[in-house]
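Observations on the model geometry
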Amino acid sequence: MSLVVKGYSKPVKINRQKRAKRFTLRVCQITGKINLTIPLKSSLESAEHFIEKNANWLSNQLNQVIPRDYVSLGKSIPIEGVDRLILPKGKDLAGSILQKKQLFLECDELDVGLATKKFLLNHAVYVLTPIFEENAAYIKENIKSIRFKDTKSRWGSCSSEGSLMVSWRLIMAPPSVYRYVVIHEVAHLRYMNHGDEFWTLVKKLHPFYLNDRFWLKKNGKTLKSFVFDAAKEDTA
């Protein structure tokens, strides 16, 4: 259920939940979508009043939403920290080709976004998987699985069973940055917390991790601003 509120270009999605005891308003920093969770028996009038009451907070959150950057031919995107111009590949060459300043894709113009996404995902798997495996072997810990996803919040995760997850968008960051995230998650194979022992291990494996953590905090939103599937973005 959605509620159209005067003054906002996007409708507010209303989520009625049996367990909800209060109103909870959230704004996705990536898509700008507004979600309001309300108790099961609350009225739409009370929901609208809550939104109006929190108008200043809502406006501030919407101003922090990441501008969307649609991927297309002739556009540059960072790959391993280097801006590469997306260009169509010549018919005499096979497959996508990554060069120092260009990414040549074999695809139709309408499929550029999805083709770029596929390349980045495959490249992330190719580059990051050995870093996971080498560092896990070094600290003598076992990896159950490695998944590459397009996450909205966390850059990576590690379960208590040893299942690792990382955002494939990290392959757009400089090598030192994506290496830091991988090592961060590998360190969780031994320490499922962020205590002193955990950070000591991270520093041992990646001495200058603080610089990379700062880079990611400052530039992470840029990596998440690229839209590879416009159709999915419009309907999500």
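Structural data are supplied above this passage.
Residues numbered from 1 in each chain as written. Predicted model: local features only at pLDDT ≥ 70, side-chain atom pairs only at ≥ 80, totals over all residues. Heavy atoms only, no water.

Focus on the pairing of strand β12 (residues 163–167)
- A large share of β12 lies buried, amounting to 5 of its 5 residues.
- Both faces of β12 are covered, namely the face carrying Ser163, Met165 and Ser167 and the face carrying Leu164 and Val166.
- Here strand β10 (residues 145–149) pairs with β12 via 5 bridges, running parallel. Looking at the pairing, Arg147 lines up with Met165 of β12.
- With 3 bridges joining them, strand β11 (residues 156–158) and β12 adopt antiparallel strand pairing. Directly across from Cys158, in β12, lies its bridge partner Leu164.
- Hairpin connection between β11 and β12: a loop of 4 residues separates the two successive antiparallel strands, and Gly162 in this loop has a positive phi of roughly 95°. (Buried < 20%, exposed > 50% of the residue type's maximum accessible area, 1.4 Å probe, protein only. Helix = DSSP H or I, 4+ residues; strand = E, 2+ residues; numbered from the N terminus. Pairing = 2+ DSSP bridges.)

As for the sheet that holds β11
- Ordered in space as β10-β12-β11, the 3 strands form an open sheet in which the pairing is mixed. Each of the sheet's edge strands pairs with one partner strand only, and the pair in question is β10 and β11. The mean inter-strand angle of the sheet, taken between neighbouring strand axes irrespective of direction, is 15°.
- Packing of helix α3 (residues 112–138) onto the sheet brings it into contact with β10 and β12, and relative to β10 it is tilted by some 145°. (Axes fitted to C-alpha atoms, helices over the stretch in contact; angles between N-to-C directions. Contact = heavy atoms within 4.5 Å.)

Looking at unusual backbone geometry
- A positive phi is found at Glu80, a non-glycine position, where the angle reads about 55°.
- As for its placement among the helices and strands, Glu80 is situated in the loop between β6 (76–79) and β7 (82–88).
- Backbone geometry places Lys140, a non-glycine residue, at a positive phi of 60°.
- With respect to the helices and strands, the residue Lys140 is situated in the loop between α3 and β10.

Overview of the environment of Val182
- Inspection of the secondary structure puts Val182 in helix α4 (residues 175–187).
- Sequence spacing of Val182 and Thr129 is 53 residues, and the spatial spacing of their C-alpha atoms is 8.9 Å.

Some remarks on the side chain of His184
- Positionally, His184 belongs in helix α4.
- One polar contact links His184 to His188, side chain to side chain, over a distance of 3.3 Å.
- Setting aside residues up to four positions removed in sequence, His184 forms contacts with His194, Phe198, Trp199 and Val202. (Polar contact = N/O pair within 3.5 Å; in protein donor to acceptor, adjacent residues only side chain to side chain.)

Some remarks on the side chain of Ser42
- Mapped onto the elements of the fold, Ser42 is located in the loop between β4 (34–39) and α1 (44–53).
- In this structure, Ser42 is in contact with Arg16 and Phe23, ignoring residues within four places of it in sequence.

Things to note about the sheet that holds β7
- One open sheet holds the 4 strands; their spatial order is β6-β7-β9-β8, and the pairing between them is mixed. A strand with exactly one partner marks an edge of an open sheet, and here the two such strands are β6 and β8 (97–98).
- Here β8 runs beside strand β9 (residues 102–105); their pairing, made up of 2 bridges, is antiparallel. Paired with Leu98 across the two strands is Leu103, which belongs to β9.
- On the sheet, α3 packs against β6, β7, β8 and β9 and is oriented at approximately 115° with respect to β9.

A short note on the packing of aromatic side chains
- Evaluated as defined, the whole model comprises 5 aromatic pairs.
- Ring geometry for Phe198 against Trp199: centres 4.9 Å apart, planes inclined by 80°, an arrangement best described as edge-to-face. The pair Phe198 / Trp199 is uniform in exposure class, with both members buried.
- Site record: aromatic cluster; members linked through ring pairs are Tyr180, Phe198, Trp199 and Tyr209.
- One Lys or Arg, Arg213, reaches over the ring of Trp199 and ends 4.9 Å from the middle of that ring. (Phe/Tyr/Trp six-rings, centres within 6.5 Å; stacked < 30°, edge-to-face > 60°. Lys NZ or Arg CZ within 6 Å of the ring centre and 35° of its normal.)

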